[in-house]
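Close look at the chain arrangement
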Protein chains: 2
Amino acid sequence: MSANVIGVDMGGTKILSAVIDAEGNILGTAKVPTKADKGASEVIDRIARCVQKAIDKSGVASDSIQAIGIGAPGPLDPATGVVIFAPNLGWRDVPLKTELETRTGFPTFVDNDVNVGTLGEHVFGAGQGVQNVVGIFVGTGIGGGIILQGELFHGASKTAGEIGHIIVKAGGPRCGCGTRGCLEAIASRTAMTKQFRKAILKKGQKSVLSELTNGDLGVIRSGVLAKAIRLNDKLTLKVFKKVTKYLGIGIGSIVNFLNPEMIVLGGGVVEALDDTFLDDIRAAAKKYSLPNTLDGVQIVPAKLGDNSAILGAAALARQRSEVV
Amino acid sequence: MSANVIGVDMGGTKILSAVIDAEGNILGTAKVPTKADKGASEVIDRIARCVQKAIDKSGVASDSIQAIGIGAPGPLDPATGVVIFAPNLGWRDVPLKTELETRTGFPTFVDNDVNVGTLGEHVFGAGQGVQNVVGIFVGTGIGGGIILQGELFHGASKTAGEIGHIIVKAGGPRCGCGTRGCLEAIASRTAMTKQFRKAILKKGQKSVLSELTNGDLGVIRSGVLAKAIRLNDKLTLKVFKKVTKYLGIGIGSIVNFLNPEMIVLGGGVVEALDDTFLDDIRAAAKKYSLPNTLDGVQIVPAKLGDNSAILGAAALARQRSEVV
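Residues numbered from 1 in each chain as written. Chains lettered and ligands numbered in written order. Predicted model: local features only at pLDDT ≥ 70, side-chain atom pairs only at ≥ 80, totals over all residues. Heavy atoms only, no water.

1. Considering the overall build of chain A
Summing up its helical and strand segments, chain A has 11 helices and 13 strands in all. A compact globule built from 324 residues should have a C-alpha radius of gyration of about 20 Å, and chain A, at 20 Å, falls within 12% of that. Summarising its shape, the C-alpha atoms of chain A cover approximately 60 × 45 × 35 Å along the three principal directions. Roughly 13200 Å² of accessible area belongs to chain A as shown, and the carbon and sulfur atoms make up 50% of that amount. Here chain A contributes 36 positively and 30 negatively charged side chains, and the mean placements of these two sets differ by 12 Å. (Helix = DSSP H or I, 4+ residues; strand = E, 2+ residues; numbered from the N terminus. Rg over C-alpha atoms; globule rule 2.2 N^0.38 Å. Areas by Shrake-Rupley, 256 points an atom, 1.4 Å probe, with all protein chains shown as cover. Lys, Arg positive; Asp, Glu negative; His and termini not counted. Charge placed at Lys NZ, Arg CZ, Asp CG, Glu CD.)

Below, the structure is given as structure tokens:
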């Protein structure tokens, strides 16, 4: 029970790992670039090195490590630990679990990055002690995870929690998934960026975003959005009004359908903004859910920030290695 | 284990009750009018009488009855058995469970009618042996229930399963709940009737529905819709095309979000139509769900028809009295 575990957050550009004790204390961390272009085998070598670095920095003995947990991108099979498809890594059917076990000797457990983030919030963050939690992470896309009766719920095709692809406006904006009107196609940072570009570049609307991005509206970071809102930028406020409305509609649908005890909102866009944004989302969710259905449902901000994935991966390692 | 239970289906116009054995065999049934206008106390007397009639008809001994289960309308508290609000009965805060226990002497368990219908399909119908099932019942409205790990899931406010109020088209048709674009506002029989009336009465479109309803387009029954489809009525086919599309969108959202192993489709509208309708819904669901997410999900018709509620109520009685 007092053994340590490793939590790994594997992203497209960097790998983060941490040694974490049973109380969720981070005893040592390490970071290495992913270098996905060098191929899966090299990336897995780098993960193993990153894990070893974190152990070295923490000063704990290797034999105190019980297991490794990893949050990885893309559809994957949490049972076999095979990453089925991760376009931003160029991976197809990579047996991440077994490859990493061979390299490190530690039992390894793999799950989807947003699932792991939701688990982190459940075990160590905003959702502690709450049995049924839905995590919604708004960033480049919109991802999510579902905790039911205290455990990650994967569903029949292991794809549960694709909150970004709840359809909120049939016939609405085209989504990356091929259909139209998904929540992600309206309320993600990518969708917002499209709306800003259209308003500024095509319609010639004025906005501080032009200055704040030095005219490069290709990728607008969450911090820049936060600044534009603090400066009361009309265009940014208008786009955010739409975003809160649609997040409220998505949350309303979830509240009406699953009625979880808690919805945890995280991700770059949510973190960058102040409490007013969250209040607006709560108000929108109330408007779009049935009377009384929201009574027992808390809508709260994520607490762990960038650490949600490593802490969730650690929780995953602990939960699953104790079951075995 | 071999004891019998009573399943009661309490509707706005009639009360059905049945004695049901452990294998789901119906040993005797009874039916009495609800007469809601006479007040809650009289209605509960009538339920008690209906229960006694079913016992008499079944020929089993009263002391073989383990418990009563009831599917009741309206938001209710399944723990206390209090019906919070049932507009079609004129009920507010009626302690159905305790009142019926006083009258009959049998332990009584109450749940929402569509929840009970979903449980019936899970225990005795289409969803046997499937752990995670979503039931969708399309009739006057659209209701639903969620079975997770083999048990009814109620959610934080006891309102889980309000599938009719998933928002599929923001800004769409006004829904009875006050918002716009709910699935129920587009794909229920009530919504279809509105579309037929508008097309025929306001736009003067021709349709066999005018004859089949003798010009009374106020309430169009499912059987009439089925007939109009068999007759290849252009307007009916057009409205149904829209309905299947939107049911597909709602199911797509559920598949993307919760990814259950099975979706059971029942209710008057679904039962009245042939397999082509179900195939169309399946095709629409495939279009509106992410690639591969539908792979593990079966979309099947309900099997129990009008008996889903009494059988589900019996299953409820058995499950909950065995836990106690």
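2. Describing the pattern of salt bridges
The full count for this structure, using the stated rule, is 12 salt bridges over all chains. Across the salt bridge formed by A:Arg282 and A:Asp279, the nearest N and O atoms sit 2.9 Å from each other. With A:Arg282 and A:Asp279 both in helix α10 (residues 275–287) and three residues apart, this pair spans about one turn of that helix. Accessibility expressed as a relative area gives 42% for A:Asp279, which makes it partly exposed. Note that B:Glu99 and B:Arg103 form a salt bridge whose closest N and O atoms lie 2.7 Å from each other. Taken together, the positions of B:Glu99 and B:Arg103, both in helix α2 (residues 96–104) and four residues apart, correspond to about one turn of that helix. In this structure B:Glu99 comes out as partly exposed when scored by relative accessible area, which is 30%. Owing to a relative accessible area of 27%, B:Arg103 belongs among the partly exposed residues under this scheme. Put simply, A:Glu42, A:Arg46 and A:Arg49 are held in one network by salt bridges that share partners. (Salt bridge = Lys/Arg side-chain N within 4 Å of Asp/Glu carboxyl O. Buried < 20%, exposed > 50% of the residue type's maximum accessible area, 1.4 Å probe, protein only.)

3. Quick word on the sheet that holds strand β2 (residues 14–20) of chain B
All names here are of chain B. Overall, mixed pairing links the five strands, which are arranged β3-β2-β1-β4-β8 in an open sheet. A strand with exactly one partner marks an edge of an open sheet, and here the two such strands are β3 (26–33) and β8 (108–112). Ignoring strand direction, the axes of neighbouring strands in this sheet form an average angle of 15°. Note that strand β4 (residues 65–72) and β8 share five bridges and pair parallel. Within the sheet, the bridge partner assigned to Gly-71 lies in β8 and is Asp-111. (Pairing = 2+ DSSP bridges. Axes fitted to C-alpha atoms, helices over the stretch in contact; angles between N-to-C directions.)

4. With respect to the relation of the copies chain A and chain B
Superposing chain A onto chain B requires a rotation of 180° together with a translation of 0.0 Å along the rotation axis, leaving an RMSD of 0.0 Å. What the superposition gives is, in effect, a two-fold axis relating one chain to the other. If distances are taken from each C-alpha of chain A to the rotation axis, the shortest is found for A:Lys169, at 2.1 Å. Comparing contact sets, 100% of the residues at the interface of chain A also lie at the interface in chain B, consistent with an isologous, same-surface contact. (Least-squares fit on C-alpha atoms with pLDDT ≥ 70 in both. Contact = heavy atoms within 4.5 Å.)

5. Topic: the sheet that holds strand β6 (residues 82–86) of chain B
Residues and elements named next belong to chain B. Overall, antiparallel pairing links the three strands, which are arranged β5-β6-β7 in an open sheet. Only two strands of the sheet have a single partner each, and these edge strands are β5 (76–77) and β7 (91–94). With three bridges joining them, β6 and β7 adopt antiparallel strand pairing. Opposite Ala-86, over in β7, you have Trp-91 as the bridge partner.

6. Regarding α2(B)
Residues and elements named next belong to chain B. Those residues of α2 not exposed but buried are Leu-96, Lys-97, Leu-100 and Thr-104. Mapping the buried residues of α2 onto a view down its axis gives an arc of 95°, with all of them on the same face. At its buried positions, α2 is contacted by β1 (4–10), α1 (40–58), β4, β6, β7 and β8. Directly beyond the C-terminal end of α2, a positive phi value near 80° is found at Gly-105. (Arc of directions from axis to C-beta.)

7. Quick notes on the environment of A:Ala226
Residue and element names in this part refer to chain A. Relative to the assigned elements, Ala-226 resides in helix α7 (residues 222–230). Classification of Ala-226 by relative accessible area gives buried; the value is 6%. Taking C-alpha positions, Ala-226 is 9.3 Å from Glu-271, a pair spaced 45 residues apart along the chain. Setting aside residues no more than four positions away along its own chain, Ala-226 makes contact with Ala-272 and Leu-273.

8. Some details on the interface of chain A and chain B
Contacts between the two partners involve 43 residues from chain A and, on the opposite side, 43 residues from chain B. A buried area of about 3300 Å², summed over both sides, lies between chain A and chain B, and 65% of it is on carbon and sulfur atoms. Taken as a group, A:Ile167, A:Ala170 and A:Phe257 account for 21% of the area that chain A buries against chain B, more than any other trio of residues on that side. One can count 20 residue pairs in polar contact (both at pLDDT 80 or more) joining chain A with chain B. Listed by contribution, the elements that provide at least two residues to the side of chain A that touches chain B are β10 (142–148) and α8 (234–257) of chain A. Looking at the side of chain A that touches chain B, the element that brings in the most residues is α8(A), giving six residues. (Buried area = accessible area lost by both parts, 1.4 Å probe. Polar contact = N/O pair within 3.5 Å; in protein donor to acceptor, adjacent residues only side chain to side chain.)

9. Let's talk about the packing of helix α8 (residues 234–257) of chain B against helix α10 (residues 275–287) of chain B
All names here are of chain B. Where α8 contacts α10, the axes come no closer than 7 Å and their chain directions differ by 50°. Between α8 and α10, the angle is such that the two are oblique. Two packed elements cross with a definite hand, and for α8 against α10 that hand is right-handed. Contact residues: α8 offers Phe-240, Val-243, Thr-244, Lys-245, Leu-247, Gly-248, Ile-251 and Gly-252, while α10 offers Phe-277, Asp-280, Ile-281, Ala-284 and Ala-285. When grouped by side-chain class, the residues that make up the contact of α8 with α10 number eight nonpolar, three polar and two charged. (Parallel < 35°, antiparallel > 145°, perpendicular 65-115°, else oblique. Left-handed = near helix turned anticlockwise from the far one by under 90°. Nonpolar A, V, L, I, M, F, W, Y, C, P; charged D, E, K, R; others polar.)

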